Amino acid sequence: MSNGTDSRKTFIAGNWKMHYTHTEAAALAARLGERLDTGGVRVMVAPPFTALQAVADALRGSAIVLGAQNVSPEASGAHTGEVSCAMLAALGVRVVIVGHSERRHVYGEDDALVARKLQAVLAAGLEAVLCVGETLAEREAGAAEAVVARQLRAALGTCSAADLRAVTVAYEPVWAIGTGRTASVADADAMHRAVRAVVAGMTGAAAAAGLVVQYGGSVKPDNAAELLASPEVDGLLVGGASLQADSFIRIVASSASSPLVDSCPGN
Ligand code: PGA
């Protein structure tokens, strides 16, 4: 979790993936809006495209931020099945997840496409959660940090330090997503340091020090506090455990039980 040396605010996001009709999603959003005490924590939910309007309505008046799971890099035109940044912004979306490992590995999105999406998001005045992470084979080959560095350089290559203020990086080891296997706190900590070092080399130490870096991959109510207790882990990107109000609320609440919370400015 962010500590007293910087202004990073804890950021916990729920990625609902391809779950829930718009009616079901609105019901979950309404439960979160009523019961979730965001405190000093930034909280986002990213429902499917078809539920964005209903969830926006359900969250009206709540501090929970509306996110989207994906976007087209194109502004408009003949792009069947795609959704533009302007369409998302018009629904009240403030943050877009780009480069999720399911987009990269199941739907074939390469670094260049992820970079174009990130640029489109920033150009539209939206924020991005940029997902990076290595596969198990890449980790076992000792290439985890090199893979993540490549993904960061490709996506953030044209970003200024000012652009970076609208970017959160989510480190999500592919082998930990939906598998029940979580990276050890030490592994997450080491990779988050590596992320910050790469970004420092690109846009300078100050921008890197302010960068919020989330961890994602089998985050549950039982391991969230331990992960957030690391000074390098500024937040969480939660898949499966964000699909029930109780477990997501417990994860958000666990940031308050971190031993470092008292030293966090803005928390
Ligand atoms: P998970 O998904 O929490 O279900 O592992 C995380 C993610 O894909 O963002």
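Everything numeric here is computed off the predicted structure, so don't read it as measured data. (Residues numbered from 1 in each chain as written. Predicted model: local features only at pLDDT ≥ 70, side-chain atom pairs only at ≥ 80, totals over all residues. Heavy atoms only, no water.)

**Points about the confidence of the model for the protein chain**
Point 1. Taken over all residues, the pLDDT of the protein chain has a mean of 93, while the share at 70 or more is 94%.
Point 2. The low-confidence segment residues 259-267, where pLDDT is below 50, has 21 contacts with residues more than four positions distant or belonging to other chains. (pLDDT = per-residue confidence, 0-100. Contact = heavy atoms within 4.5 Å.)

**Observations regarding the pattern of salt bridges**
Point 1. Enumeration over the complete set of coordinates arrives at 17 salt bridges.
Point 2. Here Asp 111 and Arg 150 are joined by a salt bridge, their closest N and O atoms 2.7 Å apart. Separated by 39 residues along the polypeptide, Asp 111 in helix H5 (residues 111-123) and Arg 150 in helix H7 (residues 144-156) bring together distant segments of the chain.
Point 3. According to the relative accessible area criterion, Asp 111 is buried, its value standing at 18%. (Salt bridge = Lys/Arg side-chain N within 4 Å of Asp/Glu carboxyl O. Helix = DSSP H or I, 4+ residues; strand = E, 2+ residues; numbered from the N terminus. Buried < 20%, exposed > 50% of the residue type's maximum accessible area, 1.4 Å probe, protein only.)

**A look at the site of the ligand**
Point 1. Around the ligand sit 13 residues in total, of which Lys 17, His 100, Glu 172, Gly 178 and Ser 218 are the nearest.
Point 2. Glu 172 has a polar side-chain atom sitting 2.7 Å from an oxygen atom of the ligand.
Point 3. At 2.7 Å, a backbone N or O of Ser 218 approaches an oxygen atom of the ligand.
Point 4. The fraction of the free accessible surface of the ligand (280 Å²) that becomes covered by protein chains is 96%.
Point 5. Residue classes in the shell around the ligand are distributed as four nonpolar, seven polar and two charged. (Near = heavy atom within 4 Å. Polar contact = N/O pair within 3.5 Å; in protein donor to acceptor, adjacent residues only side chain to side chain. Areas by Shrake-Rupley, 256 points an atom, 1.4 Å probe, with all protein chains shown as cover. Nonpolar A, V, L, I, M, F, W, Y, C, P; charged D, E, K, R; others polar.)

**Some points on the packing of helix H1 (residues 22-35) against helix H12 (residues 245-254)**
Point 1. It is the contact of H1 with H12, at a shortest axis distance of 10 Å, that shows an interaxial angle of 40°. It follows that H1 is oblique to H12 by the angle criterion. Between H1 and H12 lies a crossing whose hand is right-handed. Contact with H1, carried on its side by Leu 28, Arg 31, Leu 32 and Arg 35, involves Ala 245, Asp 246, Phe 248 and Ile 249 of H12 and no other residues of that element.
Point 2. Of the residues that constitute the contact of H1 with H12, the class distribution is five nonpolar, no polar and three charged. (Axes fitted to C-alpha atoms, helices over the stretch in contact; angles between N-to-C directions. Parallel < 35°, antiparallel > 145°, perpendicular 65-115°, else oblique. Left-handed = near helix turned anticlockwise from the far one by under 90°.)

**Section: H12**
Point 1. Most of H12 is tucked away, with seven of its ten residues classed as buried.
Point 2. Residues of H12 that are buried include every one of Ala 245, Ser 247, Phe 248, Ile 249, Ile 251, Val 252 and Ser 254, and no others.
Point 3. Against strand E1 (11-15), H1, strand E2 (42-46), helix H11 (221-228) and strand E8 (235-238) lie the buried residues of H12.

**Topic: the layout of surface pockets**
Point 1. Its boundaries defined by the atoms lining it, the largest pocket holds a volume of some 580 Å³.
Point 2. Lining the largest pocket are 24 residues, and of these Lys 17, Met 18, Gln 69, Asn 70 and Arg 103 lie nearest its centre.
Point 3. Going through the elements one at a time, helix H4 (101-105) and H5 are the ones with two or more residues in the lining of the largest pocket.
Point 4. Grouping the amino acids of the lining of the largest pocket by side-chain chemistry returns ten nonpolar, eight polar and six charged.
Point 5. In this structure, the second largest pocket encloses a volume near 310 Å³.
Point 6. The wall of the second largest pocket is formed by 16 residues, among which Leu 164, Arg 165, Val 167, Gly 210 and Val 212 lie closest to the centre.
Point 7. Mapped onto the lining of the second largest pocket, the elements with two or more residues apiece are helix H8 (161-164), strand E6 (167-171) and helix H10 (205-210).
Point 8. In terms of residue class, the lining of the second largest pocket is made up of eight nonpolar, three polar and five charged. (1 Å grid on protein atoms, 1.4 Å probe; cavity = no way out; pocket = protein on both sides within 12 Å on 5 of 7 lines; lining within 4 Å. Points joined across faces, edges and corners; volume = space filled by probe spheres on them.)

**Some words on the packing of aromatic side chains**
Point 1. This structure, assessed with the given rule, holds two aromatic pairs.
Point 2. Geometrically, the ring pair formed by Trp 16 and Tyr 20 is edge-to-face, given 6.3 Å between the ring centres and 80° between the ring planes.
Point 3. With a centroid separation of 6.3 Å and 65° between ring planes, the pair formed by Tyr 171 and Tyr 215 is classed as edge-to-face. Of the two residues, Tyr 171 sits in strand E6 while Tyr 215 sits in strand E7 (residues 212-216), which places them 44 residues apart along the sequence.
Point 4. Between the NZ or CZ atom of Arg 42 and the centre of the ring of Phe 11, over which it lies, the distance is 5.0 Å. (Phe/Tyr/Trp six-rings, centres within 6.5 Å; stacked < 30°, edge-to-face > 60°. Lys NZ or Arg CZ within 6 Å of the ring centre and 35° of its normal.)

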